[in-house]
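Structural features, examined
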Amino acid sequence: MLLLLLLQVSVSCLWLGRSEVVTSFESSCPQFFFRETPPNEALEPESPAWICQRYKNQYYFATLYDRNRRIPVYSAYLYQPGPGTRPKTWLVEPQLMGPTYPKTMEREWTLLNYFNVSLEQLSESQAILKDYKNLTGLNRGHLNPSGHQPDSSSRTATFTLTNIVPQDEKLNGGAWNNYEQQTMIRRTQGCNTTYVVVGAVPGNNYIAKGRVNKPSYIWSSACCEVDTNHRKAWGVIAENDKNEVQLLTLGELEDVLTQLYGRDQVSLFDSDCPRE
């Protein structure tokens, strides 16, 4: 009994963070959405997973995950850029395998060695590190970038494979990086709180022998509260094979996404966020 207790303690010390597959964002981590209103169902995939991304017992952002294509549909977070180093450890989501697994954002190594999980079992539920090895012309592209987070813990939380997609390397290091690092700084001048939703439109191509979808487009949207009576919003979209980012109004981005998805009208934020 004592040995079992010691083993449990030692394993708990190896846990890097906490993350949880939930039934809805509204009931579990609504704080990452303007007026606690997530995007509407027009973006939902056939087999969705709602993940409240938690690290060191604190939620840092929210991700809607596409289980079939093994990529995030979008990640939602608060824009709070701060100084810090880029993390190196990549994490995965055990609860995508089932609710009996820990509500923890874990390293593959920890799951394989301490939770009796096989790599095949893990790979059935999500992308794994092997899927992103030996990429040609593609990077691991963050939806919620670590550079938009204020401290070490929040930056580390973004390094989960449930928050990345295969992104064109020239786009990721070029025009998209310029948007994340420069345009966002300019656009958020005067903002008290900026809510961001970044997403990926599924494409027809895959990596890792058909396991992980390569998105056709990457997009980002923001709703900024200047004060209690004034808000501003914008969006961008980029084809995932060109080093070019198109700046749009929020309404224009929602219309483009509505056409690309071919379903109901897309709504990314509560109606109080300006569309023009």
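Residues numbered from 1 in each chain as written. Predicted model: local features only at pLDDT ≥ 70, side-chain atom pairs only at ≥ 80, totals over all residues. Heavy atoms only, no water.

An unreviewed UniProt entry lists the protein chain under the name Endonuclease domain-containing 1 protein, with Charadrius vociferus given as the organism.

**Concerning the UniProt feature "domain: ENPP1-3/EXOG-like endonuclease/phosphodiesterase" (unreviewed entry) in the protein chain**
In this structure's numbering, the residues bearing the UniProt feature "domain: ENPP1-3/EXOG-like endonuclease/phosphodiesterase" (unreviewed entry) are residues 58–268. With 24% helix and 31% strand, the stretch residues 58–268 has end C-alpha atoms that lie 24 Å from each other. (UniProt positions renumbered as here; feature names shortened; annotations may be inferred. Helix = DSSP H or I, 4+ residues; strand = E, 2+ residues; numbered from the N terminus.)

**A word on the sheet that holds strand β1 (residues 20–22)**
As summarised here, the arrangement of the eight strands in space is β1-β2-β3-β4-β7-β10-β11-β12, forming an open sheet in which the pairing is antiparallel. If you trace the sheet from one side to the other, it starts and ends with β1 and β12 (246–248), each paired once. Between one strand and the next, the sheet's axes are offset by a mean angle of 20°, whatever the strand orientation. Summarising the sheet, strand β7 (residues 193–201) and strand β10 (residues 217–227) pair through nine bridges and their orientation is antiparallel. Bridge assignment links Val-198 to a residue of β10, and that residue is Ser-220. (Pairing = 2+ DSSP bridges. Axes fitted to C-alpha atoms, helices over the stretch in contact; angles between N-to-C directions.)

**What about empty space enclosed by the protein?**
Picture a little ball the size of a water molecule; that probe, rolled over the atoms, points out where space is still empty. Scanning the entire structure with this criterion turns up one cavity of 30 Å³ or more. Considering the residues around the largest cavity, the lining is formed by Tyr-77, Leu-143, Pro-145, His-148, Trp-176, Tyr-179, Glu-180, Met-184, Val-196, Val-198 and Ser-220. Broken down by secondary-structure element, the contributors of at least two residues to the lining of the largest cavity are α7 (175–187) and β7. At four residues, the largest contribution of residues to the lining of the largest cavity is made by α7. (1 Å grid on protein atoms, 1.4 Å probe; cavity = no way out; pocket = protein on both sides within 12 Å on 5 of 7 lines; lining within 4 Å. Points joined across faces, edges and corners; volume = space filled by probe spheres on them.)

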